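Breakdown of the fold
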Amino acid sequence: FAELQTDIHELTNDLDGAGIPFLDYRTYAMRVLFPGIEDHPVLKEMEVQANVEKSLSLFGQLLNKKHFLLTFIRTLEAQRSFSMRDRGNVASLIMTALQGEMEYATGVLKQLLSDLIEKNLESKNHPKLLLRRTESVAEKMLTNWFTFLLYKFLKECAGEPLFMLYCAIKQQMEKGPIDAITGEARYSLSEDKLIRQQIDYKMLTLNCVNPENENAPEIPVKVLNCDTITQVKEKLLDAVYKGVPYSQRPKAGDMDLEWRQGRMARIILQDEDVTTKIDNDWKRLNTLAHYQVTDGSSVALVPKQNSAYNISNSSTFTKSLSRYESMLRTASSPDSLRSRTPMITPDLESGTKLWHLVKNHDHMDQREGDRGSKMVSEIYLTRLLATKGTLQKFVDDLFETIFSTAHRGSALPLAIKYMFDFLDEQADKHQINDYDVRHTWKSNCLPLRFWVNVIKNPQFVFDIHKNSITDACLSVVAQTFMDSCSTSEHKLGKDSPSNKLLYAKDIPNYKSWVERYYADIAKMPAISDQDMSAYLAEQSRLHLSQFNSMSALHEIYSYITKYKDEILAALEKDEQARRQRLRSKLEQAIDTMALSS
């Protein structure tokens, strides 16, 4: 516990200087709305023929007619081939197309939610399941609505404790060994990602030449002698480029690590080279200990192509085997001569498997047996608890910020009060007096739809890199967050998952915060329609040109093409649509589109 405690203060001080690397609004919105899609069409200008542009602007006018948009969404949802992915995609495209019309989008969203509630209550589903999963366009639209409207709150309030938690987790995990292959770590919140074997390691301080200026003082960086060379490079880059957003830093894969001994002697260290130890079919990644790097050594990061000293690429390398290499060579098997080129995937010819600290990633069955004995878990629970203890303040700060109505002078976002009041009105309308149902609707609508996503994926909000151990720990925090919003009691027993045991004492406390938060919001004076209109108009104006609405319309239009007959038929059947002549307006857009020269 003490080993972990010390640097947290350094962390807090570091941050004050560097600032938090928030993503801009557009990148943040894209990561939440279209996760995993790097180069989305809605970010690009479209080169289109005049008739296509005219057709899309007619289609755009239709989307701004509430009755058309609602019929369009309901018709799509009635099609069997309209998949879950399609639902999420359409919801995100509609929100990007309507980014400049937030008041109209809000009206449509409320109508869709009110339909969903109606349907949920008719189908005799448990009312608590409402908004639980994303099975409708409305649910994903709601997530996107909060995403747009809570950016300012993230930037001014909740972003800081979220970033601090991310940094604290990353820093704590890196204080102990992390297996480069399995992603398991000595310090973890997640039982699945905990190294169970005893690993001997020492902390070293390396003095890193400043890559921006060779004459500047060297930067001392703490590393472990069991770190792989790539892990060392990442720690060095983190230290040297502290305060530089991740996307603007050099990447470890583009740099070589040089160990400098005196002015002339420079050796390139790599995860794999001629010195790599191979034992039967197991090939062990090189670590600092493998190269016998000593405490206080001088190292440098150099761009890959400039390294003339790269043993494995040099044709004369056999002639120039230094005393140093032959010393290492005798310690490893002659097989290693074969591997001139670095290689991380199992070598198909020789069938070698890579390992770093633990060899268990290929023998899953053995590990399960090991899991079976509860005794094993209890030994490790203390280590999970020690790690949890050092992170406690950060988890508390984050939860407290999210679940309080007043923050350092900035008020509760109007969007939250407005949506919670809407859900209460719906519950009144359907005479739902069960407190649990109302509580669950609110939890499903905001904490579970928006916050959990952001806690698990801080890279949606910040320009950072999230590795697998940090991801596993954030998932435990997100699960605890969900448990805190739930109204059901979780009975703990010896078979409960470790994350529930870990936070068993905290959850009742967090639950009371959530209940108080919902109650405080309910007591606040209602937001007048004018105030909400003004707020939404302001938000629309701020972000008016973030997305290319022509491209968004073009993407949505592909669903018109796919379900043309069904949509035209639905517009024909509906009386209000007939009065507004929506069908003929859509036909006009379709005909214009078809005129392509």
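Attention here is on the structure that accompanies the text. Nothing here was measured: the structure is a model prediction, and the numbers come from that model.

Attention shifts here to the overall build of the protein. Of the regular secondary structure elements, the protein holds 24 helices and 10 strands. Within the protein, the proportion of its 597 residues that are buried is 53%. The long-range share in the protein, meaning contacts at least 24 apart out of those at least 6 apart in sequence, stands at 76%. As displayed, the protein has an accessible area near 28,000 Å², and 51% of this comes from carbon and sulfur atoms.

So, about the pairing of strand E7 (residues 298-303). Across the 6 residues that make up E7, a large majority, 5, are buried. In terms of strand pairing, strand E1 (residues 203-208) meets E7 through 2 bridges, oriented parallel. Residue pairing for E7: cysteine 208 is matched across the bridge by valine 299. Where strand E3 (residues 255-261) and E7 come together, 6 bridges link them in antiparallel fashion. Bridging across to E7, tryptophan 259 finds its partner in valine 299.

One open sheet accounts for 5 strands, arranged E2-E1-E7-E3-E4; its pairing is mixed. The sheet is open, and its two edges are formed by strand E2 (219-224) and strand E4 (265-269), each paired on a single side. Strand after strand, the sheet turns through a mean of 40° between neighbouring axes, direction not considered. Sheet strands in contact with helix H10 (residues 229-240) are E1, E2, E3, E4 and E7, and its direction is about 145° off that of E2.

Looking now at the side chain of serine 190. Considering the arrangement of structural elements, one finds serine 190 in the loop between helix H9 (151-174) and E1. According to the relative accessible area criterion, serine 190 is buried, its value standing at 8%. Excluding residues that lie within four positions of it along the chain, serine 190 makes contacts with Leu384, Ala472 and Val476.

Across the interface, helix H8 (residues 137-149) lies against helix H20 (residues 529-542) with an axial gap of 11 Å and an inter-helix angle of 80°. It follows from the interaxial angle that H8 and H20 lie roughly perpendicular. On H20, the residues touching Trp145, Phe148 and Leu149 of H8 are Met532, Tyr535, Leu536 and Gln539. Across the contact of H8 with H20, the residue classes tally to 6 nonpolar, 1 polar and no charged.

Taking 1.5 Å per residue as the helical rise, H9 with its 24 residues ought to reach 34 Å, whereas the 30 Å between its terminal C-alpha atoms falls clearly short. Where H9 bends most, at alanine 158, the angle is about 65°, and the proline proline 161 comes one to four residues later. The element H9 is extensively covered by neighbouring structure, given that 19 of its 24 residues are classed as buried.

Looking now at the packing of aromatic side chains. One pass over the structure, following the stated rule, counts 24 aromatic pairs. Between tyrosine 25 and tyrosine 28, the ring centres sit 6.4 Å apart and the planes meet at 55°, which makes this aromatic pair tilted. Linking tyrosine 25 with tyrosine 28, this pair stays in helix H3 (residues 25-33), spanning 3 residues, or about one helical turn. Residue tyrosine 25 shares its accessibility class with tyrosine 28, and that shared class is buried. Between phenylalanine 59 and tyrosine 557, the aromatic rings sit 5.4 Å apart at their centres with planes inclined by 85°, giving edge-to-face as the arrangement. Taken together, the residues span a long stretch of sequence, with phenylalanine 59 in helix H4 (residues 50-63) and tyrosine 557 in helix H21 (residues 549-562) at a distance of 498 residues. Assessed through its relative accessible area of 0%, phenylalanine 59 is described here as buried.

We now examine the sheet that holds strand E8 (residues 353-355). The 3 strands lie next to each other as E5-E6-E8, forming an open sheet whose pairing is mixed. Single-partner strands in this sheet number two, and they are strand E5 (278-279) and E8. In this sheet, E8 lies alongside strand E6 (residues 282-284) in parallel orientation, the contact comprising 3 bridges. Its bridge partner lying in E8, tryptophan 282 is registered against lysine 353.

The subject of this paragraph is the nonpolar core. By size, the foremost hydrophobic cluster in this structure holds 135 residues, and its most contacted members are Phe68, Phe72, Trp145, Phe146, Leu446, Trp451 and Leu586. If you tally residues by element for this core, the top one is H9, at 14 residues. Beyond its immediate sequence surroundings of up to four residues, phenylalanine 72 is in contact with Leu63, Ile556, Tyr559, Ile560 and Ile567.

Another aspect to go through is the pattern of salt bridges. What the rule picks out here adds up to 26 salt bridges. In this structure, aspartate 520 and lysine 523 form a salt bridge, with 3.7 Å as the shortest nitrogen-oxygen distance. A residue pair is termed a helical-turn pair when its members lie 3 or 4 positions apart in one helix, as aspartate 520 and lysine 523 do in helix H19 (residues 507-523) at 3 residues. One network of salt bridges, in which partners are shared, links Lys170, Glu174, Asp238 and Arg249.

The next point concerns the environment of leucine 56. Inspection of the secondary structure puts leucine 56 in helix H4. A residue is classified by how much of its surface remains accessible, and leucine 56, at 0% relative accessible area, is buried. Each C-alpha atom of the pair leucine 56 and threonine 592 lies 9.0 Å from the other, and the pair is 536 residues apart in sequence. Leave out the neighbours within four places in its chain, and leucine 56 touches Met550, Leu553, His554, Tyr557 and Met593.

Moving on, we come to the pairing of E1. Taking every second residue as pointing to the same face, the buried face of E1 carries Leu204, Leu206 and Cys208, while none of Met203, Thr205 and Asn207 on the other face is buried. Strand direction decides the pairing type here: E1 and E2, joined by 6 bridges, are antiparallel. Its bridge partner lying in E2, asparagine 207 is registered against proline 220.

Let us now look at the packing of H9 against helix H17 (residues 468-485). The description of two helices packed together rests on the angle between their axes and the distance between the axes. Two numbers describe how H9 lies on H17: the axes approach to 10 Å, and their chain directions differ by 130°. Put simply, H9 runs oblique to H17. When you trace H9 past H17, the crossing you get is right-handed. Here Leu165, Tyr166, Ile169, Lys170 and Met173 of H9 come into contact with H17, specifically with Ile469, Thr470, Cys473, Leu474 and Val477. Residue composition of the contact of H9 with H17, by class: 8 nonpolar, 1 polar and 1 charged.

The rules behind the values
Every chain begins its residue count from 1, and numbering advances along the sequence as written. Restriction of local features to residues with pLDDT of at least 70 applies here, the model being predicted, together with a cutoff of 80 or more for giving and counting side-chain atom pairs; totals for whole chains, interfaces and linings are based on all residues. Hydrogens and waters are ignored; side-chain quantities use all the structure's heavy atoms. Numbering of helices and strands runs from the N terminus, with a helix taken as a DSSP run of H or I at least four residues long and a strand as a DSSP run of E at least two residues long. The classification of residues rests on relative accessible area computed with a 1.4 Å probe and restricted to protein chains. Under 20% of the type maximum is buried, over 50% is exposed, and intermediate values are partly exposed. In what follows, residue pairs with any heavy atoms lying within 4.5 Å of each other are defined as contacts. Areas reported here follow the Shrake-Rupley algorithm with a probe of radius 1.4 Å; residue values treat only the protein chains shown as occluding. Two strands qualify as a pair provided that DSSP identifies no fewer than 2 bridges between them. Angles here are taken between N-to-C directions and fall from 0 to 180 degrees, while the axes themselves are lines fitted to C-alpha atoms, restricted in helices to the stretch in contact. Should an angle fall under 35 degrees it is taken as roughly parallel, and over 145 as roughly antiparallel, whereas 65 to 115 is taken as roughly perpendicular and any remaining angle as oblique. Under the convention adopted here, Pro, Cys and the residues Ala, Val, Leu, Ile, Met, Phe, Trp and Tyr are nonpolar, Asp, Glu, Lys and Arg are charged, and Gly plus all remaining residues are polar. To estimate the expected span of a helix, subtract one from its residue number and multiply by 1.5 Å. Two axes enter the bend calculation: one fitted to the seven residues ending at the residue in question, the other to the seven starting there, and the bend is the angle between them. The pairing test for Phe, Tyr and Trp rings, Trp by its six-membered ring, is centres within 6.5 Å, and the orientation test on the planes gives stacked under 30 degrees, edge-to-face over 60, and tilted for anything in between. In this text, buried Ala, Val, Leu, Ile, Met, Phe, Trp, Tyr and Cys residues form a nonpolar core when linked through side-chain atoms within 4.5 Å. Each salt bridge in this description consists of a side-chain nitrogen of Lys or Arg and a carboxyl oxygen of Asp or Glu lying within 4 Å of one another. Helix crossings get a hand from a simple test, with the near helix turned counterclockwise from the far one by less than a right angle marking a left-handed crossing and a clockwise turn marking a right-handed one.

By themselves, these observations are geometric and do not establish any function.
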